[in-house]
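Structural features, examined
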Amino acid sequence: MTVNPASPGTGTTGDRPLWQRSVIIVAAITALMFVIEGIDAATNYDLDQAGIVPRQVDGLDGILWAPFLHDDWAHLFANLVPGLVLGFLLLMTRWFVIVTAIVWLVSGLGVWLFAPPYTVTVGASGIIFGWLTYLLVRGLFNRDIWQILGGVVLFLIYGSILWGVLPTNPTVSWQGHLFGAIGGILAAWYLADRDRRKAKKSAPQQFPGVRS
């Protein structure tokens, strides 16, 4: 007997609905963040020195590490709540990796170029801002009414976060927020054509009528 590996009940990862896979990935990322923050706290937050040091060549690698690091547990939890929701929603779009990579790079470079000298920037808030702006504007680029309505609802819930792009608090990296938001818009623009092609491909095929 031939068994289709994609059929229900075979126990493969591909059998899981998208929302279940998204929950698992978000949970794994959350667990990783807790482990890293636990190690950071146990070492008197020495890991935070691996953050982004502006305009220093040896601070460039901080772009890679900064989103995993936080000043303390309060900082982590402040990012975790919106991050869980937005990360899940982004995973449901199937563009999580590409959007996150663009936002990560743009936000990190923005901090490296424009943050105040002699500072070290850590935290995932730049990525969260990018996720939010991507989800807010993707419907406009895709010309999709349902995505636009989803963006409106999301704006009503999380829109106040966007005030963080303004330099109102010297201890908060508004540069990371601003360039993260720019990265989200760039990602929406970059992926718009692919999104439309994907939507067209998944639309029901129209076949000419046949009379008998």
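Definitions and limits used
Position numbers for residues start from 1 in each chain and track the written sequence from start to end. Under the rules for a predicted model, residues below a pLDDT of 70 receive no local features and side-chain atom pairs below 80 are neither given nor counted, while totals for whole chains, interfaces and linings still include all residues. Excluded from the side-chain calculation are hydrogens and water; included are all heavy atoms of the structure. Only DSSP runs of H or I covering at least 4 residues are called helices, and only runs of E covering at least 2 are called strands; the numbering of each starts at the N terminus. The contact criterion used throughout is that any non-hydrogen atoms of two residues lie within 4.5 Å. In short, Shrake-Rupley with a 1.4 Å probe defines the accessible areas, and a residue's cover is counted only from the protein chains shown. Only buried Ala, Val, Leu, Ile, Met, Phe, Trp, Tyr and Cys residues count toward a nonpolar core, and they belong to the same one when joined by side-chain atoms within 4.5 Å. For each residue, the accessible area found with a 1.4 Å probe, counting protein chains only, is set against the maximum for its type, and the residue is called buried under 20%, exposed over 50%, and partly exposed in between. How sure the predictor is of each residue is captured by pLDDT, a score from 0 to 100. Like charges within 9 Å and nonpolar side chains (Val, Leu, Ile, Met, Phe, Trp, Tyr) within 5 Å are joined into patches, using only residues over 30% in relative accessible area that form no salt bridge. One side-chain nitrogen of Lys or Arg within 4 Å of one carboxyl oxygen of Asp or Glu is enough to make a salt bridge. The angle between two axes is taken between their N-to-C directions and runs from 0 to 180 degrees, where each axis is a line fitted to C-alpha atoms and a helix contributes only its stretch in contact. Here the word oblique covers every angle except those under 35 degrees (roughly parallel), over 145 (roughly antiparallel) and from 65 to 115 (roughly perpendicular). Crossing handedness is defined as follows: a turn of the near helix away from the far one that is anticlockwise and smaller than a right angle gives a left-handed crossing, while the clockwise case is right-handed. All amino acids are sorted into three groups, where Ala, Val, Leu, Ile, Met, Phe, Trp, Tyr, Cys and Pro are nonpolar, Asp, Glu, Lys and Arg are charged, and the leftover types, Gly among them, are polar. Geometry of aromatic contacts follows a simple scheme: Phe, Tyr and Trp rings, the Trp one being its six-membered ring, pair when their centres are within 6.5 Å, and the pair is stacked under 30 degrees between planes, edge-to-face over 60, tilted otherwise. Each residue after the first adds 1.5 Å to the expected span of a helix.

**Re the overall build of the chain**
Summing up its helical and strand segments, the chain has 7 helices and 0 strands in all. Each helix (α) and strand (β) of the chain, taken in turn from the N terminus, gives the series α-α-α-α-α-α-α. Contacts in the chain between residues at least 24 apart in sequence constitute 77% of all its contacts with a sequence separation of at least 6. By element, 69% of the accessible surface of the chain is carried by carbon and sulfur atoms, the whole surface being about 12,800 Å².

**Looking at the nonpolar core**
Soluble globular proteins tend to pack their nonpolar side chains together in the buried interior. If you look at the biggest cluster of nonpolar residues, it comprises 24 residues, and the most contacted ones within it are Leu-86, Leu-90, Val-99, Trp-131, Leu-132, Tyr-134 and Leu-154. For this core, the secondary structure elements donating two or more residues are helix 3 (73-93), helix 4 (96-114), helix 5 (125-142), helix 6 (145-158) and helix 7 (174-202). Examining the composition of this core, we find that 8 residues originate from one element, helix 5, more than from any other. Apart from residues lying up to four places away in sequence, Leu-90 is in contact with Trp-95, Phe-96, Val-99, Thr-100, Trp-131, Tyr-134 and Leu-135. Judged by nonpolar contacts, the second largest core, of 6 residues, contains Ala-66, Val-111, Trp-112 and Ala-115.

**A closer look at the confidence of the model for the chain**
Across the chain, the average pLDDT comes to 88, with 86% of residues at 70 or higher. Per-residue pLDDT stays below 50 along residues 1-12; that stretch engages in 9 contacts with residues further than four places along the chain or on separate chains. For residues 207-212, every residue scores under 50 in pLDDT, and the model assigns this stretch 0 contacts once sequence neighbours within four places are set aside.

**Examining unusual backbone geometry**
Keep in mind that most residues, glycine aside, have a negative phi and that most peptide bonds are trans. In this structure, Arg-94 is a non-glycine residue whose phi angle is positive, near 70°. Here Arg-94 is to be found in the loop between helix 3 and helix 4. For Arg-94, a relative accessible area of 53% corresponds to the exposed category. Here Tyr-118, not a glycine, exhibits a phi torsion of approximately 60°, which is positive.

**What about a nonpolar patch on the surface?**
Judged by side-chain polarity, Val-57, Leu-60, Leu-105, Leu-109, Leu-113 and Phe-114 come together as a nonpolar surface patch covering roughly 560 Å² of accessible area. Here Leu-105 is to be found in helix 4.

**Some words on the packing of helix 5 against helix 6**
Running from N to C, helix 5 and helix 6 cross one another at 155°; their axes reach a closest spacing of 8 Å. Classified by the angle their axes make, helix 5 and helix 6 are roughly antiparallel. At the point where helix 5 passes helix 6, the crossing takes the left-handed sense. Contacts between helix 5 and helix 6 involve Leu-132, Leu-135, Leu-136, Arg-138, Gly-139, Leu-140 and Asn-142 from the first element and Gln-147, Ile-148, Gly-151, Leu-154, Phe-155 and Tyr-158 from the second. Looking at the contact of helix 5 with helix 6, its residues break down into 8 nonpolar, 4 polar and 1 charged.

**Observations regarding the packing of aromatic side chains**
All chains considered together, the criterion is met by 6 aromatic pairs. Each residue in the set Phe-34, Trp-73 and Phe-77 is aromatic and connected to the rest through ring pairs, giving one cluster.

**A word on the packing of helix 1 (residues 18-42) against helix 3**
Any two packed helices are characterised by how steeply their axes cross, that is the angle between the axes, and by the distance between the axes. The interhelical angle for the contact between helix 1 and helix 3, taken along N-to-C directions, is 160°, at an axis separation of 9 Å. By the angle between their directions, the pair helix 1 and helix 3 is classed as roughly antiparallel. Relative to helix 3, helix 1 is oriented so that their crossing is right-handed. Contacts between helix 1 and helix 3 involve Leu-18, Trp-19, Ser-22, Val-23, Ile-25, Val-26, Thr-30, Met-33, Phe-34, Glu-37, Gly-38 and Ala-41 from the first element and Trp-73, Leu-76, Phe-77, Leu-80, Leu-84, Gly-87, Phe-88, Leu-91 and Met-92 from the second. Split by residue class, the contact of helix 1 with helix 3 holds 16 nonpolar, 4 polar and 1 charged.

**Topic: helix 4**
Taking 1.5 Å as the rise per residue, helix 4 with 19 residues should run 27 Å; its terminal C-alpha atoms sit 27 Å apart, in good agreement. Buried residues of helix 4: Phe-96, Val-99, Thr-100, Ile-102, Val-103, Val-106, Ser-107, Gly-108, Gly-110, Val-111 and Trp-112, and no others.

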